[in-house]
Amino acid sequence: MKLTFKYPVYPTQTQETILFEWLGHLCELQNAARHDRKVAWETEGKGISCNDQQKKLTVARKKYADFRAVPQDMQVCVLERMDKAFDAFYRRCKNGAAKKGYPRHRKRIKSMSWKLRKHRVKNKSTGEYERVRQNPIRETSWKHDRLKVPKLGEVKIYMHRRLQGDPTQVSLVKKASGWYAHITCELPDTPKVEPTAVIAVDVGTTHYLTTSEGEKEDNPKWYRQAEGLLHKHNQTMARRKKGSNRWYKAVHASALHQEHTANKRKDFIGKLVYKLHHHKENNILIAEDLSVSNMVENKHLSKSISDASWGIFFKWCADIAERDGLHFHQVDPKNTSQTCSACGKKSPKKLTLAIRTFDCQFCGTVLDRDHNAALNILYRAAAALRGERWVTTLYETRNKNEAQDKGCKHAKQLFLFDAFTSPSL
Ligand SMILES: [Zn+2]
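The rules behind these values
Residues numbered from 1 in each chain as written. Predicted model: local features only at pLDDT ≥ 70, side-chain atom pairs only at ≥ 80, totals over all residues. Helix = DSSP H or I, 4+ residues; strand = E, 2+ residues; numbered from the N terminus. Buried ≥ 20, exposed ≤ 12 C-beta atoms within 10 Å, placed from the backbone. Contact = placed C-beta atoms within 7 Å. Core = buried A, V, L, I, M, F, W, Y, C linked by C-beta atoms within 7 Å. Pairing = 2+ DSSP bridges. Axes fitted to C-alpha atoms, helices over the stretch in contact; angles between N-to-C directions. Parallel < 35°, antiparallel > 145°, perpendicular 65-115°, else oblique. Left-handed = near helix turned anticlockwise from the far one by under 90°. pLDDT = per-residue confidence, 0-100.

**With respect to the overall build of the protein chain**
Summing up its helical and strand segments, the protein chain has 12 helices and 17 strands in all. Within the protein chain, the fraction of its 425 residues that count as buried is 23%. Nonlocal contacts in the protein chain, meaning residues at least 24 apart in sequence, comprise 60% of its contacts between residues at least 6 apart.

Pasting the structure below:
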């Protein structure tokens, strides 16, 4: 399991100038790598491997001083990132996808990352040499510790929480509010807990979510709150001369405001996910498998849906579940709001979003619309236990061999069966 820890860093003015120069260089390098691959693909229909590009980089580093000024580890990381993007592109071409989409030409990039190398260290007790990954942090007795950056030296870092596990990669990210270090650590996987209690959630725009127990969480609608001030910032920007100092100040103020809004959103979602998983001791969480990117195309709802960030919500549910050894599953969302949770019959008339209560014509059940949908989601997950359809995506799909041993087609089936040993369903 990988965890990323984020800390603020405070480079000095000289260090910041160098970091900006590096960002410019890495951006050019990334665009050059993209250009090479694009030309090779269009003229010969061939791909270029990451290895070839790294060889070219070595030649360039011998030749040019500005290449040597930037740490090689960062340049290699950029090439690897491009390699990953093009791998996805080649795959899309091979599968004949409608939208192939070249990786984009970037005007600027905002982060640089490097992998931490392993060193040979002599073990004092046994006297043998071991390969140990270098520690990026030097601890001090002051408020700020020091982050070791290649070719730059030490940068102040505020370690407000401890690192866990073995750090493998560091990224320096520039945001409107300053610089941040993202340190990725490798940890042993958490064993899954015994499933005992289950809860299902239905997400929406009027209420952020409704649980299968009928509880609701309000939607704070961050973007709607922020919209007014954002408009003001845009007006200020439009009034000032583009490229002037005053214009840059307005751009910065607007960027800060947007970062603040994003932070508020992430704060809410993080606390909500924690609450669902931990406060009520539900170790199985079930949600819909919504295709958010398709839903955003609905022009009447796109703003609300983007603002709600369901994508982040589902991803964090899965991540927290993996980190803490809990269970998270997603089921097919088709007709969850149109079907009666008591008798299982589909409503003959389509319920529009304006109708907030579900009134069953067949069995006379009257329920809140979202509560009904949440119950349907819960029952679908239970149906998957009995080997019926409905389950689409599950995050715990890593152990394919074990699934085949137990006679399941996919690893996801196996995990769902394991998860639903609770008799209360
Ligand atoms: Zn009914």
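Read on for the rest.
**A closer look at the nonpolar core**
Grouped together as the largest cluster of nonpolar side chains are 33 residues, with contacts concentrated most on Leu 285, Ile 286, Cys 317, Ile 377 and Leu 378. The next biggest cluster of nonpolar side chains, apart from the first, holds 21 residues, and it includes Met 82, Phe 86, Leu 147 and Trp 179.

**A closer look at unusual backbone geometry**
The phi angle at Lys 151 is positive, at roughly 65°, despite the residue not being glycine. Residue placement: Lys 151 occurs in the loop between strand S6 (145–149) and strand S7 (153–157). A tally of 13 C-beta atoms within 10 Å means that Lys 151 is categorised as partly exposed. The backbone of Ser 309 shows a phi angle near 50°, a positive value even though the residue is not glycine. Along the chain, the position of Ser 309 falls in the loop between helix H8 (302–308) and helix H9 (310–324).

**What to know about the sheet that holds S6**
Sheet architecture is open: seven strands sit in the order S2-S8-S9-S1-S7-S6-S5, paired in antiparallel fashion. Edge positions in the sheet fall to strand S2 (111–115) and strand S5 (137–138), since each of these pairs with one other strand and no more. Looking at chain direction, S5 and S6 are connected through two bridges and run antiparallel. The residue bridging Arg 138 from the neighbouring strand is Arg 146, located in S6.

**Some thoughts on the packing of helix H6 (residues 245–279) against H9**
H9 packs onto H6 with a crossing angle of 50° between their chain directions and a minimal axis gap of 10 Å. Judged by the inter-axis angle, H6 sits oblique to H9. With respect to the hand of their crossing, H6 and H9 are arranged in right-handed fashion. In this structure, H6 contributes Ile 269, Gly 270, Val 273, Tyr 274 and His 277 to the contact, and H9 contributes Ile 312, Phe 313, Trp 316, Cys 317, Ile 320, Ala 321 and Asp 324.

**As for the confidence of the model for the protein chain**
The pLDDT averaged across the protein chain works out to 85; a share of 90% of its residues lies at or above 70. Low pLDDT, under 50, characterises residues 388–425; the predicted model gives this stretch 56 contacts beyond four residues in sequence or across chains.

**Describing the environment of Lys 216**
Its place among the elements puts Lys 216 in strand S12 (residues 216–218). Residues Lys 216 and Asp 202, spaced 14 residues apart in sequence, show a C-alpha to C-alpha distance of 9.7 Å.

**Notes on the pairing of strand S10 (residues 198–203)**
Extensive coverage of S10 is indicated by the burial of six of its six residues. The two faces of S10 match: Val 198, Ala 200 and Asp 202 on one face and Ile 199, Val 201 and Val 203 on the other face are all buried. Where S10 lies against strand S13 (residues 284–288), three bridges are found, and the strand directions are parallel. By the bridge assignment, Ile 199 is partnered in S13 with Leu 285. A loop of three residues connects S10 with strand S11 (residues 207–211), the two strands running antiparallel in sequence.

**Regarding the environment of Gln 54**
Looking at the secondary structure, you find Gln 54 in helix H2 (residues 50–63). Taking the C-alpha atoms as reference, Gln 54 lies 7.4 Å from Leu 79; in sequence the two are 25 residues apart. Leaving out residues up to four positions away in the same chain, Gln 54 has contacts with Val 76 and Leu 79.

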